[in-house]
Amino acid sequence: MSTALESYINRTVAIITSDGRMIVGTLKGFDQTINLILDESHERVFSSSQGVEQVVLGLYIVRGDNVAVIGEIDEETDSTLDLGNIRAEPLNSVVH
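Let me sum up the structure you'll find in this document. What you are looking at is a predicted structure, and each value in this text was computed from that prediction instead of being measured.

### Side note on the sheet that holds strand β3 (residues 36–45)
- Here five strands make up an open sheet; going across it, the order is β4-β3-β2-β1-β5 and the pairing antiparallel. What marks the edges here is a single partner per strand, and that holds for β4 (53–62) and β5 (67–72). Mean inter-strand twist for the sheet, computed between neighbouring axes without regard to direction, equals 25 degrees.
- Relative to strand β2 (residues 22–30), strand β1 (residues 12–17) runs antiparallel, the two being bridged by five bridges. The residue bridging I15 from the neighbouring strand is I23, located in β2.

Next comes the structure, spelled out in structure tokens:
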């Protein structure tokens, strides 16, 4: 896993956490337990009745045991999204 994450350093990534949150930011570092350091990060809060709210987090650490999915964001495509008009149900927590 760490080899795959090295290619994401200094790139914009989306993290889905095991409690259903989506955090987007620039991956600055990680360790052997997949603890992640994100810079310029924000949480995207989804709602079925309103647009996507973006909560600024800044420099943020995500514990490795709370990471469900990591993926690179295509910044060009992401910048064209109208998050104010996107409606979606919030994600549920991961059930083990």
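### Remarks on the side chain of T26
- Mapped onto the elements, T26 comes out in strand β2.
- What T26 contacts, discounting residues up to four positions off in sequence, is N10, R11, T12, I37, L38, D39 and E40.

### Some words on the environment of A14
- Looking at where A14 falls in the secondary structure, it is placed in strand β1.
- Note: C-alpha distance between A14 and I37 (23 residues apart in sequence) is 12 Å.

### Quick word on the nonpolar core
- With eleven residues, the main nonpolar core is built from L5, V13, I15, I23, L27, I34, L36, L38, V62, V67 and I70.
- Of all the elements in the fold, those that place two or more residues in this core are β1, β2, β3 and β5.

### Focus on the pairing of β3
- Strand direction decides the pairing type here: β2 and β3, joined by seven bridges, are antiparallel. Counted as the bridge partner of F30 is L36 from β3.
- What sits between the antiparallel neighbours β2 and β3 is a turn of five residues, in which I34 has the positive phi angle 65 degrees.
- Bridge analysis of β3 against β4 gives eight bridges, and the strand direction is antiparallel. Residue pairing across strands places L38 opposite Y60, the latter belonging to β4.

### Details of the pattern of salt bridges
- Inspection of the entire model under this criterion finds four salt bridges.
- Between R63 and D65 there is a salt bridge, and its shortest N-O distance comes to 3.0 Å.
- For R63, a relative accessible area of 55% corresponds to the exposed category.
- Its relative accessible area of 58% is what places D65 among the exposed residues.

Analysis parameters
Residues numbered from 1 in each chain as written. Predicted model: local features only at pLDDT ≥ 70, side-chain atom pairs only at ≥ 80, totals over all residues. Heavy atoms only, no water. Pairing = 2+ DSSP bridges. Helix = DSSP H or I, 4+ residues; strand = E, 2+ residues; numbered from the N terminus. Axes fitted to C-alpha atoms, helices over the stretch in contact; angles between N-to-C directions. Contact = heavy atoms within 4.5 Å. Core = buried A, V, L, I, M, F, W, Y, C linked by side-chain atoms within 4.5 Å. Buried < 20%, exposed > 50% of the residue type's maximum accessible area, 1.4 Å probe, protein only. Salt bridge = Lys/Arg side-chain N within 4 Å of Asp/Glu carboxyl O.

By themselves these figures say nothing about function.
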